[in-house]
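Analysis of the macromolecular model
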Protein chains: 2
Amino acid sequence: MNRRPGTAKAVTIYDVARECGVAASTVSRAFSRPGRVNPTTAERIREAAERLGYHTNPLARAVTTGRTSMIGLVIPDITNPVYFPVIRGAEAAATEAGFVLLLVDTQESARNEREGIERALPMVDGLLLAGTRMSDASVRVIAQQTPVVVCNRVVTGVPSVVPDNARGIRRAMEHLGSLGHRAITYVAGPEASWADGMRWRAVREAALELDLRAVLAGPFPPTVSGGSSAVASLRRQQPTAVIAYNDLIAIGLLRGLAAEGVRVPADVSVVGFDNIFGSDFCTPALTTVAAPMRALGSEALTHLAAQIAGATPHVSRPVTLPAKLVVRDSTARPGRRRAKI
Amino acid sequence: MNRRPGTAKAVTIYDVARECGVAASTVSRAFSRPGRVNPTTAERIREAAERLGYHTNPLARAVTTGRTSMIGLVIPDITNPVYFPVIRGAEAAATEAGFVLLLVDTQESARNEREGIERALPMVDGLLLAGTRMSDASVRVIAQQTPVVVCNRVVTGVPSVVPDNARGIRRAMEHLGSLGHRAITYVAGPEASWADGMRWRAVREAALELDLRAVLAGPFPPTVSGGSSAVASLRRQQPTAVIAYNDLIAIGLLRGLAAEGVRVPADVSVVGFDNIFGSDFCTPALTTVAAPMRALGSEALTHLAAQIAGATPHVSRPVTLPAKLVVRDSTARPGRRRAKI
DNA sequence: GCGGGTGCCGCAAGCGGTTGTCACCCCCGA
DNA sequence: TCGGGGGTGACAACCGCTTGCGGCACCCGC
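Residues numbered from 1 in each chain as written. Chains lettered and ligands numbered in written order. Predicted model: local features only at pLDDT ≥ 70, side-chain atom pairs only at ≥ 80, totals over all residues. Heavy atoms only, no water.

1. Re the pattern of salt bridges
- On inspection of all chains with the given rule, the structure shows 30 salt bridges over all chains.
- Overlapping salt bridges bring together Arg170, Arg171, Glu174 and Glu209 of chain A as one network. (Salt bridge = Lys/Arg side-chain N within 4 Å of Asp/Glu carboxyl O.)

Written as structure tokens, this is what we have:
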């Protein structure tokens, strides 16, 4: 460690060893493999280490063991509120499991993602891919090089943890159906998104089972402004109820609709997806399908840690966490349409 | 690198060296110190490295050089929307400068913060403290061990980058004053917060200069529910205008006020702080003091990188970035009070 | 033709730990 | 009393890369 002048040189196992008259290897073992060294010696070493302020250097350890105790967290857009709880969940589980998180924000770019992963790869024990934009094949390639868990998407052959969106959508459709809506428009997110395909399919299936009609609008960018811009295209379809790809779009919809004088929920009901920060204090408060994002993060990380520890990854089917419908103020019985939209 | 069975062994400088008949040290130099080796040899090496898929192992490098190319990003609460843009800014600047970010979420706990920093310390080249909860003295202690930049707070003796909150508040006070408000209540955040003290002081000073009256309410937790709970204590003071410690409190205020039938801005104007995600789509849209958080993050990281590269930290006074007032719908002329609050 | 630069590259010693191997000691049982 | 075995701890090699030092060519000028 070439510390800058003025900063003390880090204390090493050799210092500790000298201090209490044992070999460096004994010090090493005292920490990495307790039981392999006499309890009293170990105690002496531990005490000396404490006194000297010794901390084992994770980097040096990593060179020989190949294990860094770091996990790469790959996020498409750290600015997207959906990911906050998953980061938090992952962080908590990581410190719990003795790992530290390396952040890779790819800014929604596949190139950035590739480069970021490449840069992180040599220094992490595993990768947590939260909403990756890569192809299934690419993910599988990565997964062959290092332990990987995918979060919020399923890639066959790679351990995945996802919310039970189908069920959440089913609940939303039931809710809308019971309110008296006959046709539901799904306002789609980005085409490349795995989740989008999944959700649209779930909407169609639920529609079939519940004897409703499913209509597609979009795709739109999964942002507030994307949602606002969707209003125009909705004008043709005159829906009484829409389910948006996510809350960001739903909120954009709310704003765009309000700007055109369309009342929510009186004129049109809107359901969001994700229950993000803010979905409760927009106007009207958004009815939304809530996935347990925080649990998703921690669950994914726990699996990853297990896999790193040597557990064989469990890939037969994805870990599924329950999603629920949060009913708030943006849904109601269909009213007399004022044909304004 | 003890890679798990099934994964290929990483290729090293020795492989590359053998491949093109030079010594390993030459390969090393070809990458770390171009110019120190013959251009044609360097090219040959680079080409062989490419062919073999060689990537220099940052960990091994770190062992000898003591430089890891990692920067620790310490965030009190990753779930707080204020930090998203600073993370984003820091991330962008980090990759720009060839660093990677180690995330330390302290969950608002000083103990977590201490432990997290301790854990991160041996593997980072520097620390970016965004809104730390530690004491000035503790921060200075850390800063003696490793390069540190503090973001969104000033610690004397340690390089800091902060928004020009005083000026933002001044603008807000002017705005409120020109609307006709005579007394402004500051709804305080956590007492331990540096920013809170700073803001309250700025409110008082601006009040003095503008011939307004400044009133203090609080402290309250800097959360939406904290803001809601502040409504009760506001009832006594009957303010016509409040400035909240942050947008979270302001939004809570909005909701609590609405629940009691108090109209914003007709009965009371509210100004927030931070311009977080959601402050534009709450109802009414929040007038708020907007700090350039993203710039804060990137600026702080840039300074940190410079410091790591050997620049002497510039601590005489904090780097100050402009803040501005975003006027939206939550402020208006004081109306006839309905004495409901 | 020879001494002295200079440019390029190899040697080997680390950096701070980990770990396989082996020597040693002590205790126990025969 | 002696042999064997288990428990401890030391030695040294090694992980992949960096770097000080020095050797070797080659070129220049006198």
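2. A few points about the relation of the copies chain A and chain B
- In the superposition of chain A on chain B (RMSD 0.1 Å, axial shift 0.0 Å), the rotation amounts to 180°. Here the symmetry operator amounts to a two-fold rotation axis.
- With an isologous cut-off of 70% or more, the 100% of interface residues of chain A that recur at the interface of chain B puts this contact in the isologous class. (Least-squares fit on C-alpha atoms with pLDDT ≥ 70 in both. Contact = heavy atoms within 4.5 Å.)

3. Some words on the interface of chain A and chain B
- With 52 residues of chain A at the contact, the number on the chain B side is 52 residues.
- Both faces combined, the contact of chain A with chain B buries some 4,700 Å², and carbon together with sulfur accounts for 61% of it.
- For the pair chain A and chain B, the number of links is six salt bridges.
- Residues Asp77 of chain B and Arg88 of chain A are paired through a salt bridge, measuring 2.4 Å at the closest nitrogen-oxygen approach.
- At the surface where chain A touches chain B, the tally comes to eleven residue pairs in polar contact (both at pLDDT 80 or more).
- Secondary structure elements with two or more residues in the side of chain A that touches chain B: α4 (58-65), α5 (83-96), β2 (100-105), α6 (110-120), α7 (136-145) and α11 (247-259) of chain A.
- Examining the composition of the side of chain A that touches chain B, we find that seven residues originate from one element, α4 of chain A, more than from any other.
- In the side of chain A that touches chain B, the residues fall into 27 nonpolar, 15 polar and ten charged. (Buried area = accessible area lost by both parts, 1.4 Å probe. Polar contact = N/O pair within 3.5 Å; in protein donor to acceptor, adjacent residues only side chain to side chain. Helix = DSSP H or I, 4+ residues; strand = E, 2+ residues; numbered from the N terminus. Nonpolar A, V, L, I, M, F, W, Y, C, P; charged D, E, K, R; others polar.)

4. Observations concerning the protein's contact with DNA strand D
- In the vicinity of DNA strand D lie 29 residues, with Ala23, Arg29, Arg36 and Thr64 of chain A together with Ser28 of chain B positioned nearest.
- Of all DNA strand D atoms lying within 4 Å of any protein atom, the proportion belonging to sugar or phosphate reaches 55%.
- Taking Asn38 of chain A, its main chain carries an N or O atom lying 2.9 Å from a phosphate oxygen of DNA strand D.
- Those elements that provide at least two residues to the surface near DNA strand D are α2 (24-32) and α4 of chain A together with α1 (13-19), α2 (24-32) and α4 (58-65) of chain B.
- The element that contributes the greatest number of residues to the surface near DNA strand D is α4 of chain B, accounting for five residues.
- Classifying every residue of the surface near DNA strand D by side-chain character gives ten nonpolar, 13 polar and six charged. (Near = heavy atom within 4 Å.)

5. Concerning the sheet that holds β2 of chain A
- Overall, mixed pairing links the twelve strands, which are arranged β11(A)-β5(A)-β4(A)-β3(A)-β1(A)-β2(A)-β2(B)-β1(B)-β3(B)-β4(B)-β5(B)-β11(B) in an open sheet. Because the sheet does not close on itself, it has two edges, and the strands there are β11 (319-321) of chain A together with β11 (319-321) of chain B. Put simply, the sheet's adjacent strands are angled 20° from each other on average, direction ignored.
- As paired elements, strand β1 (residues 70-75) of chain A and β2 of chain A share six bridges and run parallel to each other. Bridge assignment links Gly72 of chain A to a residue of β2 of chain A, and that residue is Leu102 of chain A.
- Strand contacts of helix α6 (residues 110-120) of chain B: β2 of chain A together with β1 (70-75), β2 (100-105) and β3 (126-130) of chain B, with the helix running at about 155° to β2 of chain B, the strand carrying the most contacts. (Pairing = 2+ DSSP bridges. Axes fitted to C-alpha atoms, helices over the stretch in contact; angles between N-to-C directions.)

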